[in-house]
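Working through the structure, step by step
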There are 2 protein chains.
Amino acid sequence: MSTISDVAKRAGVSAMTVSRVLNGTGHTSAHTRARVEAAIEELGYVPNALARQLRSKRTKTIALVVADISNPYFTTIARGVEDFFVAHGYSVMYCNTDEDEAEEEQYLLMLIERQVDGVLLVPARSSGESFRLLQSHRTPVVVIDRRVTSRNVDSVRCDSEAGAHSLVEHLVGLGHRRIAMLTGSPSISTSMDRVLGARRALEEAGLELPESMIHYGSFNYGKSNQADGHRMAMDMLAGPEPRPTAVFCANNFIAFGAIKALRESGLRVPDDMSVVAFDDLPEEWVSEPFLTVARQPAYEIGHRAASLLMDHITGSQAPTGQSVILPFELVLRRSSAAPNPDVAAAVVTARAAGPVGGRATLPSPAPVAIANAGPAHRGSGPDEAIA
Amino acid sequence: MSTISDVAKRAGVSAMTVSRVLNGTGHTSAHTRARVEAAIEELGYVPNALARQLRSKRTKTIALVVADISNPYFTTIARGVEDFFVAHGYSVMYCNTDEDEAEEEQYLLMLIERQVDGVLLVPARSSGESFRLLQSHRTPVVVIDRRVTSRNVDSVRCDSEAGAHSLVEHLVGLGHRRIAMLTGSPSISTSMDRVLGARRALEEAGLELPESMIHYGSFNYGKSNQADGHRMAMDMLAGPEPRPTAVFCANNFIAFGAIKALRESGLRVPDDMSVVAFDDLPEEWVSEPFLTVARQPAYEIGHRAASLLMDHITGSQAPTGQSVILPFELVLRRSSAAPNPDVAAAVVTARAAGPVGGRATLPSPAPVAIANAGPAHRGSGPDEAIA
DNA sequence: TTGTATGCGTTATCAC
DNA sequence: GTGATAACGCATACAA
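For clarity, every value in this text was computed on a predicted model and none was experimentally measured. (Residues numbered from 1 in each chain as written. Chains lettered and ligands numbered in written order. Predicted model: local features only at pLDDT ≥ 70, side-chain atom pairs only at ≥ 80, totals over all residues. Heavy atoms only, no water.)

1. Brief notes about the protein's contact with DNA strand D
Lining the immediate environment of DNA strand D, one finds 23 residues, of which A:I4, A:M16, A:Y45, B:T17 and B:R20 sit closest. The sugar-phosphate portion of DNA strand D accounts for 63% of its atoms within 4 Å of the protein, the bases making up the rest. B:T17 is positioned with one of its side-chain polar atoms (N or O) 2.5 Å from a phosphate oxygen of DNA strand D. Contributions of two or more residues to the surface near DNA strand D are made by α2 (15–23) and α4 (49–56) of chain A together with α2 (15–23) and α4 (49–56) of chain B. In terms of residue class, the surface near DNA strand D is made up of eight nonpolar, 10 polar and five charged. (Near = heavy atom within 4 Å. Polar contact = N/O pair within 3.5 Å; in protein donor to acceptor, adjacent residues only side chain to side chain. Helix = DSSP H or I, 4+ residues; strand = E, 2+ residues; numbered from the N terminus. Nonpolar A, V, L, I, M, F, W, Y, C, P; charged D, E, K, R; others polar.)

Laid out in structure tokens, this is it:
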């Protein structure tokens, strides 16, 4: 309500002196500083950030643009980002694109209009039109979670290819030979890197990952709030015999939908089908963790990307086109086990007759084996690789 | 980069004409409009929202201030808020207070500085210093999730007292007599309303809820990322004999921590102890929903609060001090069952000897009974009550 | 140590 | 229908 000149009048000084007291710039005598502070207190004066930002050309605001902030993976990234930037006096704006290019562009335009100091972006497409818009307006940008084709932009992500390789290698080691894959959109690098890793693991074992075993869908629920993993798993079960004995879901939401579909179809995990996936839920949320996963270091991804963006904002380091690749962690749980040929055969005939009897469904809660994947497979450093 | 006068020069008109074209205000001939639009396109001009906001005194931005946006309850509220405001051309800023008064005040000051048009607030304390700060700066505010003592502020929340009453009534109906309660901070109205509801249900059955059966803690993880429900459940188990046969957790995070503590202590749910709670996880995230809960209509809470705030912002309706109370939904699942005196007695002697044998642990997946609680217990309308 | 003039980019107001 | 001028609230550059 009251302005800097109101304070100035009341303190009997100029507006400039008030400004100096507020910002701690220049020198002011203890006496006038006290008078100014008293006036500020009396008027309940709060500076207008808009005017300040317009003048100084810095908003002390950055934006985090992701597919869906309610995905725990992105939520954890967000905490890493927020912790870093709040500690440095910045505010963070969150934007959900639902993987939609049009929404993404609209948000980026809005952010440019609002003069944010920088953007952390999970791009809906790898082609990179989106961050070119930012760059043309001299807005620093760091890409998160995905590869992009441009050579001018820094990015931070997890090693998807290696994580997928480890998960599928684990399945193959258990004896699985027919492994299906449920992944995201082919236009997202993360989707495809996980396909590549899975395929590499299979080929190393003399097996194949034919396109007919790969189902493409969406990583998130989108506006329909529908789990695409459910549909993909149904498609998989409706496919040609023999049924796969294991399925690799390329992210958490896909896995949830798939598991629900399997249950509805009367199939048991892992007896009738093993399930492995990328991404973990926060351990506090799950009383009996069940799913074998490659866990991404989401908090660190957010924190590292934030730190990198800050370097670009302050100008202490220009973008070099580097990719920071952080290692995953393989977490083995009960959803993956050796294939059971008897049950698999039985189910084929009993498919319309509901759940199959036989072995125990849920093993009693057991200690969870955690194998640390260590550095990325082509890693060089102790806890990360710079590619 | 380029400004409105750059565009004006290029189009051979005044800045004012460009402004008119941009905003669609006043009259401009089709010819000059075309020239202006061409210049905008050629320069890649994007208006500066800061200058615009400084001039117009409206930022088209509102803030949602909650304890922790990674709590699915608040995340769902946030979607309701965002859907409403984005549809009306507003941006939403998210702020996490971790229930900390100091952080809350800091955020509110920041929001006032940034001249947000309104604030949706989950206050850390019911006393209401926080929104008095907003009101003194003429910033519209609507309180979410909690009662406040002030008569001048509108609020939207779920009927905590009735929800707690229903859950405990359900436990009593199953035969439970010793029911413990794990709740949040006593300074949060939601914590206490749920205690009151539980107590009323017990007293209606001629039972009591003594203070010794109530454990107070934190609704969220806070910075330590520790589940307080775990500690409270441990305290409960370390309490005097006989042990309670059921426990009511006042929110989802408390329930997760408590269930983990019970499992670590070798107790089975519901065989050794029934568990009921407030709040549900999104159904997509849980393959076999297990917990009996009172589900709050989080999306609607967010949406209604947003709509109310918008009325205050546009001035179409002044705050009247009303409380919008939305009904909960009782969802009965496998975590609550009749008490089992045999097992309870056995466990007392076997406490140091690890898990107790006997009955089956996890019943096989069964259809879930959903009882709709209908309108709030003192409700008047078809789907809500205005108190 | 303090004050004055000026401009950040936009829009309201008035004049033409 | 279009343009000149002032002002939003603050901070930079320079002067005293």
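2. A few points about the environment of B:D311
Position of B:D311 relative to the elements: it lies in helix α12 (residues 298–314). A C-alpha to C-alpha distance of 44 Å links B:D311 and B:S274, two positions 37 residues apart in sequence.

3. Considerations on the relation of the copies chain A and chain B
For the pair chain A and chain B, the best superposition has an RMSD of 0.2 Å and corresponds to a rotation of 180° with a translation of 0.0 Å parallel to the axis. Look at the turn and shift together and you get a two-fold axis relating the two. Interface overlap between copies is the fraction of interface residues in one copy that are interface residues in the other; for chain A against chain B it reaches 100%, indicating a shared surface. (Least-squares fit on C-alpha atoms with pLDDT ≥ 70 in both. Contact = heavy atoms within 4.5 Å.)

4. Focus: the packing of helix α10 (residues 228–237) of chain B against helix α11 (residues 252–264) of chain B
Residues and elements named next belong to chain B. Between α10 and α11, whose axes approach to 7 Å, the crossing angle comes to 50°. On the basis of their axis angle, the class for α10 and α11 is oblique. The way α10 lies across α11 gives a crossing that is right-handed. Contacts between α10 and α11 involve G229, H230, M232, A233, M234, M236 and L237 from the first element and I254, G257, A258, K260, A261, L262 and E264 from the second. Its residues assigned to classes, the contact of α10 with α11 shows nine nonpolar, three polar and two charged. (Axes fitted to C-alpha atoms, helices over the stretch in contact; angles between N-to-C directions. Parallel < 35°, antiparallel > 145°, perpendicular 65-115°, else oblique. Left-handed = near helix turned anticlockwise from the far one by under 90°.)

5. Observations regarding unusual backbone geometry
All names here are of chain A. The amide bond that connects E241 to the next residue, P242, takes the cis arrangement and shows omega of -10°. Mapped onto the secondary structure, P242 falls in the loop between α10 (228–237) and β8 (246–249). The backbone phi angle of E99 is positive, close to 65°, even though this residue is not glycine. The residue E99 is located in the loop between β2 (91–96) and α6 (101–113) in this model. E99 sits in the buried class, given a relative accessible area of 11%. With a phi close to 60°, Q115 is a non-glycine residue in the positive phi region. Relative to the elements of secondary structure, Q115 occurs in the loop between α6 and β3 (118–121). (Buried < 20%, exposed > 50% of the residue type's maximum accessible area, 1.4 Å probe, protein only.)

6. Comments concerning the interface of chain A and chain B
Taken together, the contact between chain A and chain B spans 51 residues of the former and 51 residues of the latter. Buried surface at the junction of chain A and chain B, both sides included, amounts to about 4700 Å², of which 57% is carbon and sulfur. The largest share of the area that chain A buries against chain B comes from A:L50, A:E284 and A:W285, three residues that together contribute 16% of it. The interface formed by chain A and chain B includes four salt bridges. Two residues, B:R79 and A:D98, come together in a salt bridge whose shortest N-O distance is 3.9 Å. Here chain A and chain B share 14 residue pairs in polar contact (both at pLDDT 80 or more) between them. Taken together, the elements giving at least two residues each to the side of chain A that touches chain B come down to α4, α5 (72–87), β2, α6 and α11 (252–264) of chain A. Here the side of chain A that touches chain B is built from residues that sort into 24 nonpolar, 14 polar and 13 charged. (Buried area = accessible area lost by both parts, 1.4 Å probe. Salt bridge = Lys/Arg side-chain N within 4 Å of Asp/Glu carboxyl O.)

7. Description of the packing of α2(B) against helix α3 (residues 30–43) of chain B
Residues and elements named next belong to chain B. Where α2 meets α3, the closest approach of the two axes is 10 Å, and the angle between their N-to-C directions is 85°. Classified by the angle between their axes, α2 and α3 sit roughly perpendicular to one another. Facing α2, whose interface residues are V18, V21 and L22, α3 presents R33, V36, E37 and I40. Residue composition of the contact of α2 with α3, by class: five nonpolar, no polar and two charged.

8. Remarks on the environment of B:C158
Residue and element names in this part refer to chain B. One can find C158 in strand β5 (residues 154–158). For the pair C158 and I144, spaced 14 residues apart in sequence, the C-alpha separation works out to 9.2 Å. Once residues lying within four places of it in the same chain are set aside, the contact partners of C158 are Q296, P297, I301, I325, L326, P327 and F328.

9. A few points about the side chain of A:H165
Counting through the fold element by element, A:H165 comes out in helix α8 (residues 160–174). Not counting residues up to four positions away in its chain, the partners in contact with A:H165 are A:G197, A:A198, A:R200, A:A201 and A:E204.

10. Section: the packing of aromatic side chains
Residues and elements named next belong to chain A. Counted according to the given criterion, the structure contains 13 aromatic pairs over all chains. Of the aromatic side chains, those joined through ring pairs into one cluster are F84, F85 and Y90. Geometry around F278 places R194 over its ring, the cationic atom sitting 3.7 Å from the centre. (Phe/Tyr/Trp six-rings, centres within 6.5 Å; stacked < 30°, edge-to-face > 60°. Lys NZ or Arg CZ within 6 Å of the ring centre and 35° of its normal.)

11. Concerning the nonpolar core
Counting 158 residues, the largest nonpolar core has A:F85, A:L120, B:F85 and B:L120 as its most contacted members. Apart from the residues lying within four places of it in its own chain, the contact partners of B:F85 are B:I62, B:Y90, B:V92, B:L120, B:A306, B:L309 and B:M310. (Core = buried A, V, L, I, M, F, W, Y, C linked by side-chain atoms within 4.5 Å.)

12. A short note on the protein's contact with DNA strand C
The immediate surroundings of DNA strand C are formed by 23 residues, with A:T17, A:R20, A:R55, B:I4 and B:Y45 found nearest. Close to the protein, within 4 Å, the atoms of DNA strand C are drawn from sugar and phosphate at a rate of 65%. A distance of 2.5 Å is found between a phosphate oxygen of DNA strand C and a backbone nitrogen or oxygen belonging to B:I4. Among the elements of the structure, α2 and α4 of chain A together with α2 and α4 of chain B are those that each provide at least two residues to the surface near DNA strand C. Here the surface near DNA strand C is built from residues that sort into eight nonpolar, 10 polar and five charged.

13. Regarding the state of the cysteines
Here a disulfide denotes a covalent bond joining the sulfur atom of one cysteine to the sulfur atom of another. All names here are of chain A. This structure, assessed with the given rule, holds zero disulfides over all chains. As a non-bridged cysteine, C249 has C158 as the owner of its nearest cysteine sulfur, 17 Å distant. Here C249 falls in the buried class, since its relative accessible area comes to 0%. (Disulfide = S-S within 2.5 Å.)

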